[in-house]
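Summary of structural features
What follows is each chain in one-letter form.
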Amino acid sequence: MEWLGPEEWQAVRLSLRVSLWATLFGLPPALLAAYALARWRFPGKWLLNGLVHLPLILPPVVTGYLLLLTFGTRGPVGSVLQEIGVVFAFRWTGAALAAGIMAFPLLVRAMRLSLEAVDPKLEQAAATLGASRVWVFLTVTLPLILPGIIAGSVLGFAKAMGEFGATITFVSNIPGQTQTLPSAIYAFLQVPGGESAALRLVAVSVAVAMSALLLSEWLARRAQRRVAGT
Amino acid sequence: MEWLGPEEWQAVRLSLRVSLWATLFGLPPALLAAYALARWRFPGKWLLNGLVHLPLILPPVVTGYLLLLTFGTRGPVGSVLQEIGVVFAFRWTGAALAAGIMAFPLLVRAMRLSLEAVDPKLEQAAATLGASRVWVFLTVTLPLILPGIIAGSVLGFAKAMGEFGATITFVSNIPGQTQTLPSAIYAFLQVPGGESAALRLVAVSVAVAMSALLLSEWLARRAQRRVAGT
Amino acid sequence: MTLSVTIQHRFAGFDLDARFEAPAGITALFGRSGSGKTTIVNAVAGLLRPNAGRVAAEDHVLFDTARGVWLPPHRRRVGYIFQEGRLFPHLSVRQNLRYGTWFSAQRPRPAEEKRVIEMLGIGALLERRPGALSGGEKQRVAIGRALLSAPRMILADEPLAALDEARKSEILPYFERLRDEASIPILFVSHSAAEVARLATTVVALEAGRVTRQGPAAEVLADPAVTPLGARAAGAVLSCRVTRHHDDGLTELDAGGTPLFIPRLGAAPGTPVRVRIAAHDVILSRQRPEGLSALNIISGRVQEIRSGDGPGTLVSLETPAGRLLARITRRSAEALVLAPGVACHAVMKTVAVAPEDIGGLGGPTGQGLL
Amino acid sequence: MTLSVTIQHRFAGFDLDARFEAPAGITALFGRSGSGKTTIVNAVAGLLRPNAGRVAAEDHVLFDTARGVWLPPHRRRVGYIFQEGRLFPHLSVRQNLRYGTWFSAQRPRPAEEKRVIEMLGIGALLERRPGALSGGEKQRVAIGRALLSAPRMILADEPLAALDEARKSEILPYFERLRDEASIPILFVSHSAAEVARLATTVVALEAGRVTRQGPAAEVLADPAVTPLGARAAGAVLSCRVTRHHDDGLTELDAGGTPLFIPRLGAAPGTPVRVRIAAHDVILSRQRPEGLSALNIISGRVQEIRSGDGPGTLVSLETPAGRLLARITRRSAEALVLAPGVACHAVMKTVAVAPEDIGGLGGPTGQGLL
Amino acid sequence: AASLKTALEDIAADYEARTGDEITISFAGSSALARQIQQGAPADIFISANEAWMDELETDGLLEPGTRSDLLRNSIVLIAHGTEAEPVEISDALDLPALLGDGRLAMALVDAVPAGIYGKAALESLGLWPQVAPRVAQADNVRAALALVSTGEAPLGIVYATDAAADKAVSVIGTFPEDSHAPIIYPAARLSGRDGVAAADFLSHLHGDEARAVFEAQGFVMAAPAGTGS
Ligand SMILES: Nc1ncnc2c1ncn2[C@@H]1O[C@H](COP(=O)(O)OP(=O)(O)OP(=O)(O)O)[C@@H](O)[C@H]1O
Ligand SMILES: Nc1ncnc2c1ncn2[C@@H]1O[C@H](COP(=O)(O)OP(=O)(O)OP(=O)(O)O)[C@@H](O)[C@H]1O
Ligand SMILES: [Mg+2]
Ligand SMILES: [Mg+2]
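The structure displayed is predicted, hence computed values, not measured ones.

1. Notes on the overall build of chain C
For chain C, the count of helices and strands is eight helices and 20 strands. Taking all 370 residues of chain C together, the buried fraction comes to 63%. Total accessible area computed for chain C in this model is approximately 12,800 Å², and 50% of it derives from carbon and sulfur atoms.

2. Things to note about the side chain of E217 of chain B
Mapped onto the elements of the fold, E217 of chain B is located in helix α11 (residues 195-228). Judged by its relative accessible area of 12%, E217 of chain B is buried. In contact with E217 of chain B, other than residues within four places in its own chain, are N49, R109 and R112 of chain A.

3. Section: the site of ligand 2
Around ligand 2, the surrounding shell holds 19 residues, and the nearest of these are T38 and T39 of chain C together with R128, G136 and E137 of chain D. Ligand 2 sits at the junction of chains C and D, each of which supplies nearby residues. In this structure, Q83 of chain C approaches ligand 2 through a side-chain N or O atom, which is 2.7 Å from an oxygen atom. Between ligand 2 and the protein, one listed contact pairs an oxygen atom with a side-chain N or O atom of E137 of chain D at 2.6 Å. Every element with two or more residues in the shell around ligand 2 is listed here: α1 (37-45) of chain C together with α4 (135-147) of chain D. Tallied by class, residues from the shell around ligand 2 come to three nonpolar, 11 polar and five charged.

4. What about the pairing of strand β9 (residues 185-189) of chain C?
Residue and element names in this part refer to chain C. Of all five residues making up β9, five are buried, and the element is well covered by its neighbours. The two faces of β9 match: P185, L187 and V189 on one face and I186 and F188 on the other face are all buried. Two elements, strand β3 (residues 25-31) and β9, share five bridges in a ladder whose sense is parallel. For G25, the partnering residue across the bridge sits in β9 and is P185. Both strand β8 (residues 153-157) and β9 contribute to a ladder of four bridges, which runs parallel. Residue pairing across strands places A156 opposite F188, the latter belonging to β9. At this point the chain moves from β8, through helix α5 (residues 165-180), to the parallel β9, and the crossover so formed is right-handed.

5. Considering the nonpolar core
In terms of nonpolar packing, the biggest core is built from 129 residues, with L78, L105, L123 and F215 of chain E touching the most fellow members. Here this core gets seven residues from one element, more than from any other, and that element is helix α7 (residues 142-150) of chain E. Once you skip the residues sitting within four places of it in the chain, L123 of chain E turns out to touch L96, L105, M107, L128, W129, V132, I158 and F176 of chain E. Formed by 61 residues, the second largest nonpolar core is a distinct cluster that contains A33 and A38 of chain B together with F82 and Y99 of chain C.

6. Description of the domain arrangement of chain C
Taken domain by domain, chain C holds domain 1 (3-221) and domain 2 (235-360). Its C-alpha centre places domain 1 of chain C at a distance of 32 Å from the equivalent point of domain 2 of chain C.

7. Description of the UniProt feature "domain: ABC transmembrane type-1" (unreviewed entry) in chain A
Here the UniProt feature "domain: ABC transmembrane type-1" (unreviewed entry) sits at residues 12-214 of chain A. Its end C-alpha atoms 19 Å apart, residues 12-214 of chain A is made of 79% helix and 0% strand.

8. Notes on the pairing of strand β2 (residues 14-22) of chain D
All names here are of chain D. On β2, burial follows the alternation: F14, L16, A18, F20 and A22 on one face are buried, whereas D15, D17, R19 and E21 on the facing-out side are not. In this structure, strand β1 (residues 3-11) lies alongside β2, joined through nine bridges in antiparallel fashion. Following the sheet pairing, I7 is matched in β2 by A18. Between the antiparallel neighbours β1 and β2 lie two residues, among them G13 with a positive phi of about 85 degrees.

Quick notes on the rules
Residues numbered from 1 in each chain as written. Chains lettered and ligands numbered in written order. Predicted model: local features only at pLDDT ≥ 70, side-chain atom pairs only at ≥ 80, totals over all residues. Heavy atoms only, no water. Helix = DSSP H or I, 4+ residues; strand = E, 2+ residues; numbered from the N terminus. Buried < 20%, exposed > 50% of the residue type's maximum accessible area, 1.4 Å probe, protein only. Areas by Shrake-Rupley, 256 points an atom, 1.4 Å probe, with all protein chains shown as cover. Contact = heavy atoms within 4.5 Å. Near = heavy atom within 4 Å. Polar contact = N/O pair within 3.5 Å; in protein donor to acceptor, adjacent residues only side chain to side chain. Nonpolar A, V, L, I, M, F, W, Y, C, P; charged D, E, K, R; others polar. Pairing = 2+ DSSP bridges. Right-handed = clockwise from strand over helix to strand, strands pointing away. Core = buried A, V, L, I, M, F, W, Y, C linked by side-chain atoms within 4.5 Å. Domains from an automatic or database assignment. UniProt positions renumbered as here; feature names shortened; annotations may be inferred.

In structure tokens, the structure reads:
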């Protein structure tokens, strides 16, 4: 394409990668959190619930700052992780972490809603047929909450595609490394005459997210149809 | 409280007001959109779906900028609304609008998930008992998706409490009018040494949102228990 | 009011093509599992849009695909008792019961409500939610909900399957009353020959989506060729009239001149009642038997003898009380040298006339016959 | 293997306090709607944690609140046929059927699977999802799913309520085989006296959460005082042995020396079978009746006469075939001058022994008796 | 600082072409960048729009001693919406409230963002601040303030001369006297602990003539090459 420079393409690719990873890696812990919140009773439940929602409540800048303090090369977690070769600071992995954390509440809530809609009678039936808790989850609960997982993933992916405040605060805005689409858009908006370039990137961003959306709708409809019969 | 200045208190009150209104006013259109997406088939469905997700995909600054262009006093919608006395520019109403729009996708998705989990057989049963579509919705669907509405509202409220980019771009930051908690926090974070003041506000913000969260959980549990029997 | 039904619908692997008339009274849809009963009922209720067809109650057209008429379900006012309950989980039992009256122009009738609640034995459950009910309780509430919605037509899809005999015999008379008093058509899906025989005015037999037989209950049920009913469903329905009540707990009926003794009925002398006599409950004898404990002996003449490839034979008798069916072994038929025109006696025990086999106003008062 | 059950549980407004033993074979839980049958079954399956109680199969304790033992449901390996199907909507019928084998150490047995699928008539549905099944089809798949899970115990909560007679008579023999071949205990909830009489080894009668009567089926069912069963459930179960098969489609049984004719049975000569003879199907006579179409006449002596306040009387006869019950009217009893010790003859039609009243291997081959 | 994006990119491209060294530039708000440097960002040169953040880093000992210099200067101007606004003379006699009418004065955050801080200082020194303080709409950055005027949402605003020059929808109606506020200086410095040869070369290149041409084309003024200190 002519109308996107190489650096902009880089931002597109990076944004895609960051959002995909953020969503994929966010899914398992989000599922766990959703399950815990929907099904278990434990003392610190309200705290977990609060923590999950935190990235939504806090201004993204704060989240980014907290990430920087925690996962930065000098942060308590970041420095430990660095020992084992995992570096977030100023890498695209950090952008994925930030995006994942920002998307987390959305993932969790969608899955939790779906989990709460699963008829426990079906899970009971599975148990009487010899399925242990884990198997019940894998063979009954999980397929039944598929629409919720898809919905959550789409929300999360969209959020990750749009995430900016936490990302730029945490891993800065380095072209090819941490410059995601929103960061690039931001940078263009900061200089005189950058609007049209920003607009182009916005269009790309919207197109990518819309494709993901359509794909997810299609997947969800398939999952739905399978359950409804025929 | 000693540790919050009067201006900060103002920000707290304003944030509460903005978030509440954003959530409350966002609910009906979100419900409508969720219903349309979950139940209807119409030509522009994918477009509606995309539009709903847009605030999530776009960097908040862009959303704020678009709001400014549309709902500003000279914008196509804003200028019309101004005729009938509705002004968003530089008012807390504008902050509520921005927060509401940013929270919209979250409201819609939660409700849509719940709607899709409602057993159409129950709605059919209601119809055979003489309930028209509207009545079926009011007496069967709506009560059954209450958990989703609550979940959506919480997400939306939390998001509104944390919303910053779109709000400040659209209605800027006028103490007492449009300076919400996140704006205040952002301002503190821009100057060296502002961290501790920012932290105080973050604490307030978290406390408020957590209270809303606990309240919502309690409401949702009640709604759940009613359906489960006893 | 006659309901005429024509429905064509295709599911993958199943093809429904049914046409029947349901005159006033109860029309039983009778057929094996998967024969299309629920599909028909759903189409009548407006929950399934069939590929083609027309359903009309007299000139009130519910739908007509040819003319593009489709009344939405809520304007059809059918009282649909679903095969699977479908109670509203968020409403109490009382609210479930009253749900249908919320949208009805008619005032709810408290007396009627009380009667239905009592009949169904759900008075103690009114404040509960469906989640805390047993299977049979749910089904009873579902029956009540449909009945109390002041319907113009009742669609009952196996309403009594989950209920015990005692409860059934409390509910059956109610359907009879609906049949006899209100002139609304009732489509009644059931697997029980006894239930169908007792209630149905008309029987529609379905097999794999086709109507194999339809007509007045007495006729269809007396026809052993109606496969889905199975041999045990054969029987005749006699139209009788109450003569008098005896002190020993028996009610004497007049069946075309012959006295018939059945357990006490709560109906005044003169009331017409229908008694179903199952073919397998009738014993035949060439001489008039003496000294038997069986009280009912009807004399008649053999009209027809039908044998299948089983050991049984179906003998229809022409009697003053009407046509009577007896299923006996071929061995017996041969031993008795039965042939059309031969005079013989039908022996039936009093108590073999089961409570649910007696139709009419009220139903038997003596629940436990002992 | 004996299952001993002690369960106490309180719901708001309902109090369950049941204790019974379920020996090998089929134990029928019999009781009116809301009497606590499902609650008991749920506790045995581990889906409901009762306030107190103990359930053990011999020394294999499923739970014991006193000792704090609670086996999770998936380690109890019960084959639970739920009152409401509970099929997995996201799995095909085939996957539903096989679900139980996914977690079992045993290899799935294709032959057994084929047999069950055939018996249930669901061969054509295997690729469908439960959403596209009729009510009866769902129930049949649910039965298959439980049976194929290689359970150590079967809990069947009204498994046959949604099925037509023909299908029932195909499935009942399967339960009989389970009862007779596998030595696993079966708890069977049912409303149908005939079903219970045919299948049950043991009957536990429940009323409002209490066990009112328990014991061998023949005994309990012969007791008219067992309220929930109702008078019509009274009957005796005779233990017979197949003598020979006749050409005219009849099977001759030996009931303690007396020949008994029933519709052809698919069992080899010598096989023991149980025949239930409902009290209301028996006619009594002082002289040996001649020239009747009824083939079965058993002679005996009156043992006891019980009258209630209804028009009926229950006469128990001591016969060489075992105890036999006859319900006749008081009027007849007086006319025949019956009293304990008096000799009399019991007349039963061949075909009055309904297919589902005959237990044993195979079941009758003659589906349609005609 | 994000506002240097266009200029720095041009200079860097030119420099890369000449030397073959690769230059990576991360554009974000000065506060975000400064905090990232505090947390160990692998940066060689820091250019801030704000002396305060440079001071902060200097106190933390993160700057390579002796490398700090003032790179650029800028000025702040009063802008009005539209192309044909009347110029005014900015002095203590200026009747800003009258000019504003019932509109608002758009500025960047007056206590947090450099452009806002300078603007407020200027208004204070002119004695105009008390009159307009309640009428100020503060945006989170100077570009957002410009957008408010550019869309006509606010009739007047205070922004950098560099931003105002590029926007066709606004006109500069006055420049604030240099002595009305602290000099607007963009300091640059090398960061300590890094291999400094290439960085030193690029830093001196920034002060050189080629760079000057680019900066001046963007409306910046080169600061007198000076020593350390603010
Ligand atoms: N969750 C519950 N909360 C309160 N009461 C309950 C609950 N579940 C069942 N009950 C009550 O307990 C009693 C026994 O219920 P159960 O389901 O065991 O009956 P059942 O014998 O299986 O009846 P049915 O034949 O109608 O299925 C009923 O009166 C029912 O209303
Ligand atoms: N959604 C569907 N898709 C495909 N086939 C269907 C669907 N619904 C029903 N069928 C098939 O249509 C046939 C008729 O179903 P229907 O529910 O009308 O049977 P029924 O007579 O009510 O049976 P039952 O007595 O078991 O309730 C069955 O073979 C069933 O498998
Ligand atoms: Mg059906
Ligand atoms: Mg039950």
